[in-house]
Amino acid sequence: MENVVQRLLKCSTSTFFQLHIVNCTGLGEEGVKAAVATSRLERGKLRRRTRAAVETGVGHREPGPRTRRCPQIAFCPAFCDPDSLPPRVGWIAAGALASIPTPAAHGSAPSIHKHGSSMASNSSSSGGSDRQRIAQQRLRIIAGHLQRPAGDDSALLAAECKDQGSKSDASSEEKTVPRRRQEIMKWNGWGYSDSRFLFNKKGQAEFTGKRYKLSGMIIPGLKEWFEGTFGANLQHKSPATPILNSSAVRPPTLNEAFVEELKSTGVPFSHDAEDRVFRAYGHCVHEIFALREGRIGRVPDLVVWPNCHNDVVKIVELACKHNVCLIPYGGGTSVSSALECPSEETRSIVSLDTSQMNRILWIDEKNLTAHVEAGIVGQDLERLLNESGYCTGHEPDSMEFSSLGGWVATRASGMKKNIYGNIEDLVVHIKMVTPRGVIEKSCQGPRMSTGPDVHHFILGSEGTLGVVTEVTMKIRPMPEYQKYGSVVFPNFEQGVACLREVAKQRCAPASIRLMDNEQFKFGHALKPQVSSIFTSFLDGLKKIYITKFKGFDPNRLCVATLLFEGNREKVLQHEKQVYDIAAKFGGLAAGEDNGQRGYMLTFVIAYLRDLGMDYYVMGESFETSVPWDRVLDICQNVKARIVHECKERGVQFTPLSTCRVTQTYDAGACVYFYFGFNYRGLSDPVHVYEQVEHAAREEILANGGSLSHHHGVGKLRKEWMSETVSNVGIGMLKSVKDYVDPNNIFGNRNLF
Amino acid sequence: MVVDSYKVQRVKPMWKCLEPVFSRMTSRGQLHRLQKRSQHRASGRAGPEHDEEFVDILEERRRSSDLGHALRTFNPHPYRGAPPCSTADLNKAVLESQYLRYVAKEIAMETGSSEEDVREEARGILEEMSQNLQLRFIRLMGYTLTKVFKRLFTGIFVNMEGLGTLQQAIQEAPVILMPNHRSYVDFLVISYILFTYDIPVPVIAAGIPLAGMKMVGEILRRSGAFFIRRAIGSDKLYWAVLSEYVKTIVRKGYAPMEFYVEGLRSRTLKSVTPKLGMMHMVLEPYFKSEVFDITLVPVSISYDRVLEESLLAHELLGVPKPKESTAGLLKAGKVLQEDYGTMHVNFGRPLSVRQLCQGKINRCQYNSAPRDLPQKPTEEAQACVSWLAHLMVRIQDEGSVISPWSLMACLLLQAPMAVLAEEGLPWERLAERTLWLRRLALDCGAGLNWPGQTPDSDVMSSAVALHRSVVYRRAGRVYLLQQEEPARKRPISPEEAVMRIATAVLMLASYRNQSLHVFARPALLATALHITKSTQRDELFACFCFLQDVFSYEFILVPGELSQDFEEACVLLEKCGAVHISQQEVTLSDMGLEALSFLRALIQPFIDSYQVMFRYLSEEGDPVLTEKQLVPAVRNRATKLILSGELRTYEALSSDTLKNALSALQRLEAVTKLRTPEQNEYKVNSAAVGRIGDILSGTIPPQMLQTTPDARL
């Protein structure tokens with residue numbers, strides 16, 4: 001204990017400090033984040049908040065997986081002594097803080113102890129052990145270090161376009177996304193190369209790497225679930241082509257004149273096969289499946305990495321001059337075939353990779369906005385803002401890899417939109433380079449009545465009009481307090497009714513999601529191995545309580561996961577309100593770890609798909625938004641349609657067909673469907689998959705669902721655009737395209 | 001289980017017959033899928049020459065305790081394990097529905113009464129309507145019906161395979177049982193069978209008069225019947241309550257729903273133009289995506305002999321139908337003493353509404369407004385409902401089992417009636433012709449109940465014996481039975497004599513009608529060949545369409561599928577060797593004269609009867625008539641014509657035929673219905689009626705008469 005605090009005291013950077021506290025206590029990240037945030041402005045409040053964080057020690061978490069910033073930091077087991085923690089800490093799952101990159105952490109596996117407190121209870125801290133008091137004292141001292149040097153009171157942090165090679169950017173070392181993505185990411189699967197699921201020699205599932213909370217853990221229930229759900233067999237493997245064979249890639253068709261002039265601008269570019277292949281695909285199942293089989297279609301002929309807005313202007317000018325097709329590339333997480341190179345394109349295709357435009361150019365603390373380069377990926381944006389005590393609160397499930405520009409171009413939605421809003425609510429100002437020139441508004445007025453909002457031509461334009469280069473977006477002080485929760489309902493109908501009521505009363509937490517029974521079981525199967533008999537005993541008790549005592553049918557019950565955020569008192573009050581509503585619909589509070597595991601699933605599910613593909617299982621998710629009165633019907637009908645279509649198409653084993661309600665709105669909800677099936681024995685599984693997905697989308701539309709809530713249209717859902725927005729609507733969009741980009745320079749042919 | 005089972009002769013299995021129907025409605029690969037599905041569903045049916053196996057369910061009852069059967073453990077598997085829904089819950093859901101709220105508000109606005117009053121009224125309507133299905137009463141019903149059935153029928157034959165697929169289908173989607181309605185007896189027979197085989201017992205749409213019967217009404221209610229008023233007309237609230245009630249039952253899916261798509265008991269044993277209101281209510285939950293799918297199960301119930309035969313004939317001749325009453329039921333005890341042969345219940349292949357409606361209904365049309373909002377159905381929806389309803393009738397027809405007697409009735413009716421009554425027909429000739437007709441019927445795809453192990457002559461003899469209320473056989477000849485009325489004071493008048501023959505003729509006609517659907521298409525073509533005297537396909541087709549238009553209430557064909565019907569007629573005629581078909585022409589074959597003249601003669605009574613009506617109307621000037629005046633007037637005219645020997649058919653006396661003719665004229669816009677508060681009045685366009693009559697007699701060439709698709713709700 002002592003030496004931990006001493007180590008704490010040694011820390012000088014705020015980031016280090018912040019992570020340290022989080023890791024050591026296994027609790028109060030949020031409180032400390034808040035402390036960091038407020039330190040400059042209201043240092044006086046810090047003490048109380050820090051103390052609160054330490055005292056309650058409730059399951060705060062990192063909002064999303066992070067890259068390794070401070071690998072030397074370790075969890076401190078001492079802080080996780082159950083005796084020293086207030087009861088509710090126990091609800092945090094083993095190493096619950098998802099994804100904090102701490103090599104040593106998992107060995108010690110802190111705070112897996114479960115205490116029997118109920119979610120809804122308003123228990124306050126019982127702290128008061130000596131050790132804690134000492135810790136608080138030290139924290140107060142540490143807080144003093146956070147004071148900024150005097151004179152640095154201007155709240156503006158400015159940065160300028162990096163000149164090629166002129167000055168080295170210190171932060172570039174820590175850049176999440178290198179130019180050569182292949183250095184850290186898979187070429188034919190999701191995410192980081194070092195992180196993947198596999199079945200080890202004992203047939204147990206484990207997750208490799210060190211990046212995530214789940215990393216290095218055994219997941220004992222997964223095999224049984226996997227085999228039982230898909231009828232898969234570990235003996236039947238369908239491994240991917242291990243190495244990208246560059247000779248399978250067609251040599252680039254280069255526009256020599258363009259390349260020559262590009263060279264003179266000094267913007268880095270490459271026509272290396274790997275670089276090109278990486279930018280030719282998103283993460284649709286057919287794209288990944290083809291890559292796994294080593295089949296590579298049309299790929300961009302060249303990749304350019306602009307470093308700033310002006311670089312983009314130059315590139316677009318050159319593209320226009322030489323009639324080259326440009327396809328903007330952000331994080332590559334598209335699931336709409338948006339990145340696919342149109343087969344009919346005969347010009348040289350240049351992928352414009354914005355990943356190096358990743359700086360926060362300034363933060364305006366008076367207006368709470370930040371001006372950011374559009375290539376920044378979610379995790380970096382959040383991390384860098386956190387360093388200044390802020391956040392955007394925009395957390396799409398893909399935030400590890402997806403970029404700000406991509407969010408704008410697809411009308412992205414974040415998990416915590418209930419507090420922070422969707423991307424269209426968050427942007428204040430957008431700068432986009434088009435073949436006609438740069439479009440931007442003249443001011444930062446929070447709302448304007450100046451004809452149709454030109455931002456809305458850009459939002460959702462899916463790269464057909466230009467490249468978003470810089471965005472001013474709203475920021476918020478980091479929340480002081482974060483708390484997970486979960487509620488079990490006897491059936492999905494009750495759950496939906498509860499969510500509807502929550503939406504009606506407009507008291508939705510930062511996030512509220514309702515998983516159906518299949519997904520509940522799926523979540524259960526992903527429970528990592530517990531090392532304590534006590535925990536498994538408690539799990540058993542809980543199960544008995546819910547199924548036997550409360551009479552819930554384990555094959556019908558479903559679970560809602562919750563995330564509350566904000567001021568601690570308000571969170572607790574809010575929590576009570578939500579749990580009270582839930583109780584009216586037969587909901588039982590089911591603990592924080594269930595909630596947290598639900599959100600963790602979000603980040604690892606994409607990795608799981610790769611595991612499935614290793615064993616003849618192919619899966620995908622898709623989403624829609626739908627009015628409240630149709631939520632139940634659409635869930636039931638689309639799931640039934642999937643099962644039905646699979647049967648019709650000769651899929652032998654009943655597919656996994658499951659859904660969850662992931663967002664609530666005043667007038668409706670966002671519904672996510674997961675669909676996976678065992679394709680062993682099918683001659684053309686991708687075709688079967690596509691037919692089923694197509695049928696499912698038709699079903700969605702027939703049930704009053706939208707074409708997409710946030711994934712976008714791309715090329716995958718183009719065929720339904722005109723019936724979705726009417727022919728006149730298509731005409732309006734086309735006329736904008738015709739004006740802005742008459743020569744179809746931005747020729748990815750998405751949307752229409 | 002040792003059961004008395006036998007096979008019904010059928011050249012084509014039912015689903016094979018459906019193929020042309022399916023191929024019509026299909027676009028893009030749909031046919032393929034349906035075929036695949038039918039093979040899947042009809043697994044075990046090997047070749048095209050397949051016999052369906054029917055099992056006598058009374059056999060078991062005769063051998064074991066009736067009480068034991070009534071008290072059997074009933075263990076059905078309902079849809080998706082849907083929880084049982086109590087009457088109170090169901091009614092509450094209906095009354096509290098958003099839809100009913102909207103309607104109540106609307107009505108309150110229109111009438112100026114308070115919304116509360118309207119809702120109270122709705123509650124009253126629902127109380128009168130709602131079923132109260134209880135297992136106890138199903139058992140009671142089971143016990144009673146066993147007793148009754150054993151007395152009435154020598155056997156009740158059910159296709160077990162159909163029951164098997166039904167049992168499966170019920171677990172997968174809400175099921176709508178759609179039987180035809182030929183007799184009061186079939187009201188509970190499906191419930192009885194389902195109870196016996198552990199399948200959830202249906203709730204049944206019934207006419208309100210049944211509810212009025214003392215005790216019985218209540219027993220029916222508790223056996224699952226819900227009661228619908230007859231003339232709902234424009235009672236908005238009633239429609240709303242009924243449709244919400246029906247839709248709620250379908251949505252909840254805890255029990256199958258049974259209703260008669262024909263809307264009423266056919267007085268003529270011939271299919272009736274389907275009613276679309278109920279059908280639309282049943283389908284709407286699918287249209288509005290409230291359920292994933294709905295399964296329609298057409299059920300064909302066929303009788304050797306119908307209990308109500310003479311009652312129906314009298315009714316058709318203008319004797320009012322006795323009111324349904326418990327006392328009447330008890331008095332009918334005499335009826336129970338007689339033998340009614342066998343009854344066949346043929347459960348059709350379950351049909352998925354989702355598949356049937358593919359390409360016919362765009363469910364997105366309901367996306368832009370609340371689904372609960374009372375809205376007029378779109379044209380698309382109406383057309384789809386109408387098509388499906390007609391399709392169901394066609395499948396019911398094709399599933400019905402035809403008795404030898406029905407074939408004999410066809411032939412008997414083609415003899416001059418006076419001769420048949422006085423001199424009789426030689427038995428040998430009748431038998432020989434019947435066997436010839438059996439071949440023709442099988443060629444046309446009929447499902448015949450012709451026992452294979454009994455000599456043919458015995459089969460025919462016993463058919464005649466069973467129907468001794470219509471004909472009798474004496475000294476090698478067959479005679480039409482004329483009902484004796486004892487204690488006559490005065491000699492019967494010629495008009496009364498006509499009526500006496502007419503009663504028997506109409507009974508005979510009913511039995512002919514049982515097999516009419518088999519021959520309808522080729523017979524229309526044979527008539528067209530005769531009328532046009534042409535061999536050109538397009539001319540024949542025009543005439544075929546005209547005939548179909550005129551007789552659309554006699555022969556129920558699926559709307560919008562005339563060219564397929566024509567094709568089918570051509571193919572069937574060619575198959576019986578009556579014609580040769582080429583690209584452009586349909587030429588008569590020498591061998592086919594017998595078939596052609598038989599088929600033509602089948603249609604002739606309808607033509608003659610309609611002509612009587614047409615002539616009457618066109619001679620009247622442009623009158624305004626009520627139906628109540630018209631029918632007796634035409635009937636009088638027909639009686640005179642029969643007496644003078646100008647009219648051969650007695651069917652012109654049937655009110656059903658006359659009403660159908662009137663409806664057809666209305667459809668052809670030669671007669672317009674005037675809406676008056678008291679009764680229906682019709683305004684006649686004599687010239688138009690005359691023209692139709694002329695085309696029908698072949699004096700002016702048929703031109704295509706354009707009519708709007710029949711899609712009334």
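Residues numbered from 1 in each chain as written. Chains lettered and ligands numbered in written order. Predicted model: local features only at pLDDT ≥ 70, side-chain atom pairs only at ≥ 80, totals over all residues. Heavy atoms only, no water.

Asker: I tried to follow the overall build of chain A on my own but got confused; where do I start?
Answerer: Across its full length, chain A holds 24 helices and 21 strands. Across the 752 residues in chain A, those meeting the buried criterion constitute 62%. When the accessible surface of chain A is summed, it comes to about 28400 Å², and 52% of that surface belongs to carbon and sulfur atoms. (Helix = DSSP H or I, 4+ residues; strand = E, 2+ residues; numbered from the N terminus. Buried < 20%, exposed > 50% of the residue type's maximum accessible area, 1.4 Å probe, protein only. Areas by Shrake-Rupley, 256 points an atom, 1.4 Å probe, with all protein chains shown as cover.)

Asker: When you look at the domain arrangement of chain B in this model, what are you seeing that I'm missing?
Answerer: How big an interface is tends to be stated in terms of the accessible area lost upon association of its parts. All names here are of chain B. Taken as a whole, chain B is organised into domain 1 (5-68 + 86-399), domain 2 (404-514) and domain 3 (529-707). Contact residues are listed per partner, giving 19 residues for domain 1 and 18 residues for domain 3. When domain 1 packs against domain 3, close to 1500 Å² is buried across both sides, 54% of that on carbon and sulfur atoms. Our enumeration of links across domain 1 and domain 3 arrives at 2 salt bridges. Between Lys-270 and Glu-554 there is a salt bridge, and its shortest N-O distance comes to 2.6 Å. Joining domain 1 to domain 3, the criterion identifies 6 residue pairs in polar contact (both at pLDDT 80 or more). If you list the elements that add at least two residues to the side of domain 1 that touches domain 3, you get α1 (14-25), α15 (309-316) and α18 (379-399). The element best represented in the side of domain 1 that touches domain 3 is α18, accounting for 6 residues. Here the side of domain 1 that touches domain 3 is composed, by residue class, of 9 nonpolar, 6 polar and 4 charged. (Domains from an automatic or database assignment. Contact = heavy atoms within 4.5 Å. Buried area = accessible area lost by both parts, 1.4 Å probe. Salt bridge = Lys/Arg side-chain N within 4 Å of Asp/Glu carboxyl O. Polar contact = N/O pair within 3.5 Å; in protein donor to acceptor, adjacent residues only side chain to side chain. Nonpolar A, V, L, I, M, F, W, Y, C, P; charged D, E, K, R; others polar.)

Asker: Even after reading the chapter, I still don't get the sheet that holds strand β21 (residues 668-678) of chain A, so can you show me in this structure?
Answerer: Strand-to-strand pairing in sheets goes through backbone hydrogen bonds, with the strands running parallel or antiparallel. All names here are of chain A. An order of β18-β15-β17-β16-β20-β21-β19 is seen for the 7 strands of this open sheet, with the pairing classed as antiparallel. Looking at the sheet topology across the chains shown, the edges are occupied by β18 (588-589) and β19 (617-627). Relative to β18, strand β15 (residues 481-489) runs antiparallel, the two sharing 2 bridges. Residue pairing across strands places Val-487 opposite Ala-589, the latter belonging to β18. Packed on one face of the sheet, helix α23 (residues 685-702) meets β19 and β21 and runs near 10° to β19. (Pairing = 2+ DSSP bridges. Axes fitted to C-alpha atoms, helices over the stretch in contact; angles between N-to-C directions.)

Asker: Would you take a moment to explain helix α12 (residues 378-387) of chain A for this structure?
Answerer: Counting along an α-helix, one turn takes 3.6 residues, and residues three or four places apart therefore face a common direction. All names here are of chain A. In terms of burial, α12 is largely enclosed, as 8 of its 10 residues are buried. Listed in full, the buried residues belonging to α12 are Gly-378, Gln-379, Asp-380, Leu-381, Glu-382, Arg-383, Leu-385 and Asn-386. Looking one or two residues past α12, Gly-389 carries a phi angle of roughly 90°, positive in sign.

Asker: I tried to follow the interface of chain B and chain A on my own but got confused; where do I start?
Answerer: The interface is formed by 15 residues belonging to chain B together with 14 residues belonging to chain A. Surface buried jointly by chain B and chain A totals about 1400 Å² across both partners, of which 35% is contributed by carbon and sulfur atoms. On the chain B side of the interface with chain A, the three residues burying the most area are Phe-292, Asn-367 and Arg-371 of chain B, jointly 39% of the side's total. At the junction of chain B with chain A, the criterion picks out 4 salt bridges. Between Glu-699 of chain A and Arg-363 of chain B there is a salt bridge, and its shortest N-O distance comes to 3.0 Å. Counting across the chain B and chain A interface gives 11 residue pairs in polar contact (both at pLDDT 80 or more). Mapped onto the side of chain B that touches chain A, the elements with two or more residues apiece are α2 (30-41) and α17 (353-356) of chain B. Its residues placed into classes, the side of chain B that touches chain A shows 4 nonpolar, 3 polar and 8 charged.

Asker: Explanation requested: the UniProt feature "site: Important for enzyme activity" (unreviewed entry) in chain A in the structure shown.
Answerer: All names here are of chain A. UniProt records the feature "site: Important for enzyme activity" (unreviewed entry) at Arg-513, using the numbering of this structure. Mapping Arg-513 onto the fold places it in strand β16 (residues 511-515). When near neighbours in sequence (up to four residues on either side) are disregarded, Arg-513 contacts Asp-397, Met-415, Val-559, Ala-560, Thr-561, Tyr-599, Thr-602, Arg-660, Val-661 and Thr-662. Separated by 3.1 Å, the side chains of Arg-513 and Asp-397 make a polar contact. (UniProt positions renumbered as here; feature names shortened; annotations may be inferred.)

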